[in-house]
Amino acid sequence: MKRNLAALFLLTNLAGCGALSDTQASAQSSQRTTEMVMVPNFAANSIAVKQVHLEDGTTSALGDPIPSAGTHPVIVKAHPHVKVFYVVNRDSNVITQFSLEESGKASLLSSIACPDQTQLFLVHPSGGWAYAAGSSRLRTYSISSTGVLNVQGADSELAAEPGWGADFSHGGKMLHVPELGQIQSFPLIGGALGPDVTTPLASSTDRAVDLDLKPGSACLEVAVQGNDSICAYTLGSDGFPNGVTVQHLKFRPATADFAQNGQYYLGENGSPAVHVYQVSAGGLLSEMSGSPLALAGSGGAFFTALDPSENFVMSTDANANNRLDVRLRVGDGKLAGSQSDRQSLNIPGQFDFMLFLQP
């Protein structure tokens, strides 16, 4: 999960290193912060908009779910600078775009086509471009000042089916896409994709499902299913991978997220468990004591992300258990407590956050 860094730094300064209380918040800042999480309901063709209560991580629905204006919404992504979010409707091949108000009211802005079976969508940290991948196509969009998408140029061919989470490196100048059997890395020139380099995985049947850049580094962590592992790639000065270390896992990994201090939170594919790792300069993982934190019940933690305050780690499973699981992240980065929200959820997919800051 790639978060709005400006808002994240504000919340980090506000909250410090551990879970934040109301007293601490009011003492350090008079600014009121409202945090939203938008969750796609795959089976109901709707989006649940919820408020995240920063004192304890509980979430509450802000009204009824809104129609996604498409079929089988599976991904929500927020714009980093304007109050707009995007919904990938996988089986109608459209991305719908909504404005959002602090009350939780969402208004449909527009709709635009995306590649067949899109399951990867991300917005450039500048807010100027977005990228959608499905089947073997990668499409580039420019983004207007109001957050509306427009197709930019022709689609690019992917080497194979994409995973769920890509990332940028080198200050947004490189895009790295996880795929079946490989990673593709594209230089970006004015948002447009330049000539790519393909980096094979150990086996053509291995599936790279998620890819994250360690903050402040030139190291990519890639979650691989099949040969269940984390592949840590170092990046050369040109931005392309030039070395890899493979760490095998005793479970099937799903998606993951980095905290700004470099701690890595990795969800399990078939269990509602999240693992916590310290990460070396070269990308080697060292699991922290007390990890993983596993919740009771069925399902998994397929979509896993820290909220912008970095006080909570949330997950969904695109599963009929219909849970948004919330885990408390304490001062040393460990996970120490959890709860599940099932309100207004119907096979929830990949979620995202939005902040409203008021004086």
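The structure we're discussing is the one just above.
Bear in mind the structure is a predicted one, so any value in this text is a computation, not a measurement.

Engineer: Lay out the nonpolar core with the relevant residues and their values.
Structural biologist: Counting residues in each nonpolar core, the largest one holds 33 residues, and the members touching the most others are Tyr 86, Ile 95, Phe 121, Tyr 141, Leu 149, Met 314 and Phe 351. Of the residues forming this core, the biggest block, three residues, is contributed by strand 6 (residues 84-89). Every residue in contact with Ile 95, bar those within four places of it in the chain, is listed here: Tyr 86, Val 87, Val 88, Ser 110, Ser 111, Ile 112, Cys 114, Phe 121, Ala 132, Tyr 141 and Leu 149.

Engineer: Can you break down the side chain of Arg 323 residue by residue, with the values?
Structural biologist: When you line up the elements, Arg 323 lands in the loop between strand 29 (312-316) and strand 30 (324-329). Side-chain polar atoms of Arg 323 contact the backbone oxygen of Ala 296, separated by 2.8 Å. The contact partners of Arg 323, leaving out residues within four places of it in the chain, are Pro 272, Leu 295, Ala 296, Gly 297, Ser 298, Ser 315, Thr 316, Ser 340, Asp 341, Arg 342, Leu 345 and Pro 348.

Engineer: I'd love a proper account of the packing of aromatic side chains, names of residues and values included.
Structural biologist: All told, the structure shown has nine aromatic pairs when counted by the stated rule. Here the aromatic rings of Trp 164 and Phe 303 are separated by 5.3 Å at their centres, their planes lie at 80°, and the arrangement is edge-to-face. Taken as a pair, Trp 164 in the loop between strand 13 (156-157) and strand 14 (167-169) and Phe 303 in strand 28 (residues 303-306) lie far apart in primary sequence, 139 residues in all. For Phe 303, a relative accessible area of 3% corresponds to the buried category. Here Phe 351 and Phe 353 contribute two aromatic rings whose centre-to-centre distance is 5.7 Å and whose plane-to-plane angle is 85°, an arrangement assigned as edge-to-face. No difference in accessibility class separates Phe 351 from Phe 353, as the two residues are buried. The rings of Trp 164, Phe 302 and Phe 303 are connected pair by pair, giving a single aromatic cluster. Positioned above the aromatic ring of Phe 356 is the side chain of Lys 83, whose terminal nitrogen or guanidinium carbon lies 4.9 Å from the ring centre.

Engineer: How would you explain the sheet that holds strand 31 (residues 335-341) if you had to name every residue and give the values?
Structural biologist: Pairing between the strands of a sheet comes from backbone hydrogen bonds, and it takes one of two forms, parallel or antiparallel. In spatial order, the strands read 28-29-30-31; together these four strands make up an open sheet with antiparallel pairing. Taken across any chain shown, the strands that pair with only one partner, and hence form the sheet edges, are strand 28 and strand 31. Between one strand and the next, the sheet's axes are offset by a mean angle of 20°, whatever the strand orientation. Sheet topology note: the strand 28/strand 29 ladder contains four bridges and is antiparallel.

Engineer: I'd love a proper account of the sheet that holds strand 22 (residues 241-248), names of residues and values included.
Structural biologist: What the four strands build is an open sheet, ordered 19-20-21-22; its pairing is antiparallel. The open sheet terminates on both sides in strands that have one partner only, identified here as strand 19 (207-213) and strand 22. The mean angle between the axes of side-by-side strands here comes to 25°, regardless of whether they run parallel or antiparallel. Bridge count between strand 20 (residues 219-225) and strand 21 (residues 229-235): six bridges; the pairing is antiparallel. Within strand 21, the position partnered with Val 224 by the bridge is Ser 229.

Engineer: Describe the environment of Leu 201, and please don't skip the residues or the numbers.
Structural biologist: Within the element layout of this structure, Leu 201 appears in the loop between strand 18 (197-200) and strand 19. Remark: the alpha-carbon pair of Leu 201 and Asp 91, spanning 110 residues in sequence, is separated by 29 Å. Excluding anything up to four places from it in sequence, Leu 201 contacts Glu 179, Gly 181, Gln 182, Asp 206, Arg 207, Ala 208, Val 224 and Tyr 233.

Engineer: Residue-level account of the pairing of strand 23 (residues 253-258), with values.
Structural biologist: Buried residues dominate strand 23, accounting for six of its six residues. Relative to strand 24 (residues 264-268), strand 23 runs antiparallel, the two sharing four bridges. Counterpart to Phe 258 in the pairing with strand 24 is Tyr 264. Turn length for the strand 23-strand 24 hairpin, with the two strands adjacent in sequence and antiparallel, is five residues, and the turn residue Gly 262 shows positive phi of about 95°.

Engineer: Break down unusual backbone geometry for me, citing the residues and quoting the values.
Structural biologist: Each neighbour pair has its own omega, and for Ser 291 with Pro 292 the value is 0°, a cis peptide bond. Following the sequence through the fold, Pro 292 ends up in the loop between strand 26 (285-287) and strand 27 (293-294). Positive phi, close to 50°, is recorded for Ala 318, a residue that is not glycine. Counting through the fold element by element, Ala 318 comes out in the loop between strand 29 and strand 30. Positioned with a positive phi, Asn 322 is a non-glycine residue whose angle comes to about 55°. With respect to the element layout, Asn 322 can be found in the loop between strand 29 and strand 30. Since its relative accessible area comes to 19%, Asn 322 is described here as buried.

Engineer: Which residues make up the side chain of Thr 255, and what values go with them?
Structural biologist: Tracing the chain through its elements places Thr 255 in strand 23. Owing to a relative accessible area of 4%, Thr 255 belongs among the buried residues under this scheme. One polar contact links the side chain of Thr 255 to the main-chain carbonyl oxygen of Phe 302, over a distance of 2.4 Å. In this structure Thr 255 touches Trp 164, Asp 210, Tyr 265, Leu 266, Gly 267, Phe 302, Phe 303 and Thr 304, once residues within four positions along its chain are discounted.

Engineer: Could you give me a rundown of the pairing of strand 32 (residues 352-358), with the residues and numbers involved?
Structural biologist: By the criterion of burial, strand 32 is predominantly enclosed, with five of the seven residues buried. Bridge count between strand 1 (residues 32-41) and strand 32: seven bridges; the pairing is antiparallel. The residue of strand 32 that forms the bridge with Val 37 is Phe 353.

Calculation rules
- Residues numbered from 1 in each chain as written.
- Predicted model: local features only at pLDDT ≥ 70, side-chain atom pairs only at ≥ 80, totals over all residues.
- Heavy atoms only, no water.
- Core = buried A, V, L, I, M, F, W, Y, C linked by side-chain atoms within 4.5 Å.
- Buried < 20%, exposed > 50% of the residue type's maximum accessible area, 1.4 Å probe, protein only.
- Helix = DSSP H or I, 4+ residues; strand = E, 2+ residues; numbered from the N terminus.
- Contact = heavy atoms within 4.5 Å.
- Polar contact = N/O pair within 3.5 Å; in protein donor to acceptor, adjacent residues only side chain to side chain.
- Phe/Tyr/Trp six-rings, centres within 6.5 Å; stacked < 30°, edge-to-face > 60°.
- Lys NZ or Arg CZ within 6 Å of the ring centre and 35° of its normal.
- Pairing = 2+ DSSP bridges.
- Axes fitted to C-alpha atoms, helices over the stretch in contact; angles between N-to-C directions.

So, to be careful, I would describe these as geometric facts and stop short of saying anything about function.
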